[in-house]
Every structure is written in structure tokens, then in C-alpha cells.
Amino acid sequence: MKLNKQANHLIYLIYLLIAFIGGYLAFRAMTWGPWAFSDSSAYVSSARNFASGNGFVIYQSTSEIKILKEFPPFFPVLLSIFGGNKLDYINTLRWWNIFLFSSSTLLISLNIHTATRKHYLSIMAALFFISSPQIVTIYTSAMSEPLFLFLLLLSLFLYQLISQRDNKLLLFTFLVISSLLPITRYAGILFIGVFGASLFVFSQNPRIIKRIKNTALYYIFTLLPVGLWLFSLFEKLNVVGGKRFSLDINIFQNIASSVFEILKVIKFWIPYVEIYRGTFTETLIILFSAILTILLVGSTIKQFISSNRATEINKKHFFFLVILLIFGYVLFISFTHSITIPQIDIIDRMMIPIYPLCIFIFFLSSDAHIDKIGKVNLLTFFIVALSFLGLRYNFLRTNSYIKTMEENGHGFTARAYQQSGLIKEIRELSLNQEIISNSSGFVLFYTNRYPMQVNNFPNYAYGSGNSYGENSFRENNAALIILFSDFSNYYGENSENLLYSLTNTLNAKYVDIEGGIYYYR
């Protein structure tokens with residue numbers, strides 16, 4: 001008995017060690033800070049202003065105030081608690097992400113062990129998590145996804161615990177944590193819906209009325225915060241979540257197209273697909289992975305449906321919950337992608353919540369197979385071998401990403417920007433100075449002031465015409481800030497000539513390799 005306890009203590013130390021390694025990888029990747037773009041600027045700016053007691057707003061350089069309506073408020077609230085109203089949030093975001101990545105890695109282990117009671121599967125699942133280039137990329141960003149994934153994994157762990165034991169404190173904690181999902185990202189509403197349905201269907205209470213009452217109370221409690229937030233937005237701005245919605249006769253065709261777009265993103269989560277992109281080998285890898293997944297998951301579903309063993313009830317319920325979450329989320333994103341204006345982007349960031357769920361399905365299915373066979377066989381060795389091949393590929397790609405980030409950073413926090421004098425010059429502009437820019441998110445991130453965003457510049461000296469922003473530039477002595485990399489990416493091969501036409505006759509206050517600050521003649 002004493003030896004078993006010591007072994008368990010050692011295993012949990014291994015869990016913590018893997019979590020620590022994950023945190024170290026994130027620390028290295030964020031040497032220059034978490035990568036950031038326009039969404040990051042909105043989060044950070046609203047956090048600064050909330051900490052200053054001004055609410056969820058963004059200050060424009062024209063002294064106008066814009067209410068943050070595109071994103072739910074929980075992420076900026078947490079940032080404001082740790083970052084306050086200071087301009088530099090890079091260190092706050094860096095240590096916040098390290099904590100979230102380490103904690104999420106530990107929760108991966110705890111979720112798998114709680115479901116399977118097999119430590120070696122829990123360890124392998126955690127290794128898959130910290131080695132994933134998609135996961136590491138997300139957890140080194142100044143976005144809300146790291147917090148959302150942490151809350152989702154914690155909700156799943158608490159769901160398993162309340163399914164196994166009657167504990168009111170655990171139940172209350174589950175209610176609180178799951179209620180934070182939709183006020184972190186609106187997609188959390190889907191997860192709330194599936195959690196509630198699972199609590200009803202898988203409840204051990206034989207009384208239907210009691211089940212309905214408990215499920216209704218769950219929905220009321222968990223949807224109340226986001227409901228109040230959305231109601232306040234609708235009351236003030238007559239919008240919900242910063243989007244408009246449009247249904248048309250081709251909705252089902254649009255949903256099918258959206259599902260296809262999702263599959264085009266998810267296919268690159270399969271190891272080795274990226275390096276064989278566009279080749280016949282890519283098709284073979286995807287086909288093989290699809291067949292293996294169908295066989296493994298299909299066999300597990302069949303096994304769980306036919307099994308009546310009391311020891312498998314909680315595992316079975318958790319497995320079907322995760323399946324429902326994956327399919328529900330895919331349909332939710334497909335539907336919202338089809339009806340929202342402007343249309344949401346289907347990219348890795350959007351689909352990342354189901355990545356850890358896919359890890360759960362793989363290891364839960366492997367566990368069911370091992371339990372069914374009762375011994376190690378050739379198929380088990382085959383699955384283990386494939387797992388290690390996938391781990392090797394992921395670690396190599398992740399290590400390459402970390403080295404690149406460590407050397408150069410990415411986005412608004414890239415080394416080149418931080419080592420140039422451009423940020424210092426922008427911060428020294430007068431608070432009364434109107435600003436115009438081709439990269440307003442960059443200026444907002446470092447100054448907490450949102451400039452007039454100009455995407456389409458005229459092909460003549462800026463200020464000599466009447467296109468957007470020129471009047472302010474000419475009459476109000478506004479500063480024109482051009483970020484050269486963004487300018488080049490937007491205009492392509494014409495960027496050099498256009499930049500010369502725009503700025504040749506302007507007064508250049510500051511210019512370096514990264515950007516310039518210009519005034520009218």
C-alpha cells in the first residue's frame with residue numbers, strides 16, 4: 001500500500017513536470033512577448049480603460065469613445081486586474097499565458113486519468129498537448145483563446161467530478177466556471193448548451209421533473225452573465241455581439257460549404273500533412289487518418305452502447321459528452337459563419353477549442369480498445385507507434401516555431417518593432433494629437449489611442465486631396481503613421497511607388513526601417 005502511494009505521488013510529480021515543461025516552452029516562445037494583432041489591441045485597450053474606471057471602451061485619437069461590442073468582457077476584466085492602467089501589457093500577458101498553458105497541460109492529464117485511471121495515457125495526452133504547434137501558437141498569443149481553453153478544460157474536469165460524487169461545492173464551482181465560458185468567447189454558449197443537455201440525459205436521478213428543474217436552473221445560472229452583457233449591448237447600440245445576421249434560402253448549402261472550410265483547417269492538425277501539402281501523399285495521409293479514426297471511434301461507440309458495466313458508466317458519459325461537444329461546435333461555427341455579417345473567419349484560432357477534445361477522443365478510444373482486448377496486441381503496438389511518430393513530428397514543428405519566436409517574435413510585439421525607435425516616437429505624440437494610420441491596431445496597442453484607419457491610400461501626396469482622413473491631416477495637423485510591413489503586405493509590388501507618391505512632399509518627423517511619422521508640408 002505504501003509503495004502504491006509513493007508511485008502515485010511520483011506520477012503526479014510527472015504530471016507537474018510536464019506542465020512545467022509546457023510553461024517553459026511558452027516562456028521561450030514569448031521572449032519578445034506574446035504575438036499580437038488588432039484583436040489583441042482591442043482587448044488590451046479595453047482592459048486599460050476598465051482599470052481606469054472608464055468601462056469597456058476604446059478611446060479614439062479624435063477624442064471620440066467607442067464601446068467594445070465585438071468581444072465579451074471577461075478576458076479584459078482579468079487583464080485589468082493584473083495589468084492595471086499601464087501602457088505596457090506585454091509582461092502581464094506573458095506570465096498570464098505561461099500560467100494558463102501550464103495549468104491547461106495539467107488539466108489534460110487530470111481529465112484523461114479521471115476518465116481512464118491509466119497514468120501512461122494521461123502522460124501521453126499531456127505530451128501531445130504541449131507538443132502541438134497549433135496549441136503552442138495559441139497559448140503564446142495576446143488573445144482570449146488561452147483563457148477560454150483553460151476554462152473549458154477545467155469545466156470538463158469538474159463535470160467528471162460531479163458525475164462521480166455528490167458534492168455541492170464541486171457543483172457550485174462547475175456552475176461558476178462554465179458560466180465564464182460565454183463571457184470569454186461567445187462560442188461558449190454552445191458548450192453551455194451541451195453541458196446542460198448532458199446533465200439532463202446522463203443524470204442518475206430517475207425523476208424526469210427533477211431533471212428538467214435542475215437543467216433549467218443550470219441554464220439560467222450559467223447564461224445569466226452573458227445574457228445581461230448582450231442585453232446591455234442591445235439596449236445601448238441595438239446590436240448583439242458586434243455582428244448582424246442574415247438568413248437566406250441557401251442556408252443549408254452555406255452551412256455545408258462552411259463545414260468544408262472547417263475540414264480544410266482541421267486536416268493540418270494531422271501530423272505530416274503540412275509538409276506534404278498539395279501532393280498525393282497528403283491525400284493518402286488524410287484518408288488513412290480518417291479510416292483509422294472511424295474504426296477506432298466507431299468501435300468505441302459500439303462497445304460503450306453495448307456495455308452495461310457500472311465501472312464504465314462515467315467514462316461512457318464523458319466520451320459521448322466530448323463527441324457531442326465536437327460535433328456541436330462544428331455545426332455552431334458552420335451556422336454562425338453562414339449567417340453573420342461581417343462573416344467570421346474559419347482559421348486555427350476559431351477551431352482550436354476542439355483540438356484538446358480530439359486528443360480526449362483519441363485516448364479514450366485507445367483506452368476502450370485496451371480494455372476490450374485485455375492484453376497488448378499488434379493493433380496496440382501500431383497505435384503506440386503512430387502516436388510516437390505524431391509526437392516526434394509535432395515536437396520538431398513546435399521547436400522550430402519556438403526558435404523563430406525566440407529570435408524574432410511576431411506581430412505587434414516583434415523584436416524589430418521593439419528595437420526600433422518607432423514605438424518611442426509614437427508614445428511621445430501629444431495626447432491632443434489626431435492620428436491617422438494604416439495600422440491602427442499597432443498604434444492602439446502601444447498608446448491606448450485608436451487612430452483613423454486608412455486602408456486605401458490615394459496615389460498622390462497625402463493631404464492634397466479629399467480622400468478619407470486627408471482633411472484632418474491637412475487642417476488639424478494630424479500625424480500620419482505608416483507601418484511599412486503592413487503597407488507592403490497590403491499593396492504588394494506597388495507599395496514602394498505608392499509610398500513615395502504619398503510621402504515625398506510630406507514633413508517626415510521620424511522614419512526608420514519599420515515605419516514613419518509624417519505631417520502635412
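Look up: the structure comes first, before these words.
Everything numeric here is computed off the predicted structure, so don't read it as measured data.

Draft legend 1. Structural context of the nonpolar core. In terms of nonpolar packing, the biggest core is built from 134 residues, with Phe191, Phe195, Met351 and Phe360 touching the most fellow members. Broken down by element, the residue count for this core peaks at 14 residues, all from helix 7 (residues 145-164). Setting aside residues no more than four positions away along its own chain, Phe360 makes contact with Ile108, Asn111, Ile112, Leu153, Leu156, Phe318 and Val322. In terms of nonpolar packing, the next biggest core, distinct from the first, is built from 17 residues, Ile436, Val454, Phe473 and Leu502 among them.

Draft legend 2. Highlighting the packing of aromatic side chains. Using the criterion set out here, one finds 42 aromatic pairs in the structure. Among the aromatic residues, those joined into a cluster by ring pairs are Trp35, Phe37, Phe412, Tyr417, Phe442, Phe445 and Tyr446. The ring centre of Tyr450 lies 5.8 Å from the NZ or CZ of Lys66, which sits over that ring.

Draft legend 3. Focus on the environment of Ile249. Here Ile249 lies in the loop between strand 3 (244-245) and helix 11 (251-266). C-alpha of Ile249 to C-alpha of Leu386: the two residues are 137 residues apart in sequence and 45 Å apart in space.

Draft legend 4. Inspection of the sheet that holds strand 9 (residues 515-519) at higher detail. Read across the sheet, five strands follow the order 6-5-7-9-8 without closing on themselves; strand pairing throughout is mixed. The two strands at the open ends of the sheet, each matched to only one other strand, are strand 6 (452-453) and strand 8 (507-511). For strand 5 (residues 435-437) and strand 7 (residues 479-483), the ladder comprises three bridges, and the chain directions are parallel. Residue pairing in the sheet places Ser437 in a bridge with Ile481 of strand 7. The sheet contacts of helix 19 (residues 440-447) involve strand 5, strand 6 and strand 7, and relative to strand 5 the element is tilted by about 135°.

Draft legend 5. Looking closely at a nonpolar patch on the surface. Where nonpolar side chains cluster on the molecular surface, the patch consists of Leu17, Phe20, Ile21, Tyr24, Phe27 and Trp95 and spans about 650 Å² of accessible area. If you tally residues by element for the nonpolar patch, the top one is helix 1 (residues 2-29), at five residues.

Calculation rules
Residues numbered from 1 in each chain as written. Predicted model: local features only at pLDDT ≥ 70, side-chain atom pairs only at ≥ 80, totals over all residues. Heavy atoms only, no water. Core = buried A, V, L, I, M, F, W, Y, C linked by side-chain atoms within 4.5 Å. Buried < 20%, exposed > 50% of the residue type's maximum accessible area, 1.4 Å probe, protein only. Helix = DSSP H or I, 4+ residues; strand = E, 2+ residues; numbered from the N terminus. Contact = heavy atoms within 4.5 Å. Phe/Tyr/Trp six-rings, centres within 6.5 Å; stacked < 30°, edge-to-face > 60°. Lys NZ or Arg CZ within 6 Å of the ring centre and 35° of its normal. Pairing = 2+ DSSP bridges. Axes fitted to C-alpha atoms, helices over the stretch in contact; angles between N-to-C directions. Patch = residues over 30% accessible without salt bridge, like charges linked within 9 Å, V, L, I, M, F, W, Y side chains within 5 Å. Areas by Shrake-Rupley, 256 points an atom, 1.4 Å probe, with all protein chains shown as cover. Salt bridge = Lys/Arg side-chain N within 4 Å of Asp/Glu carboxyl O.

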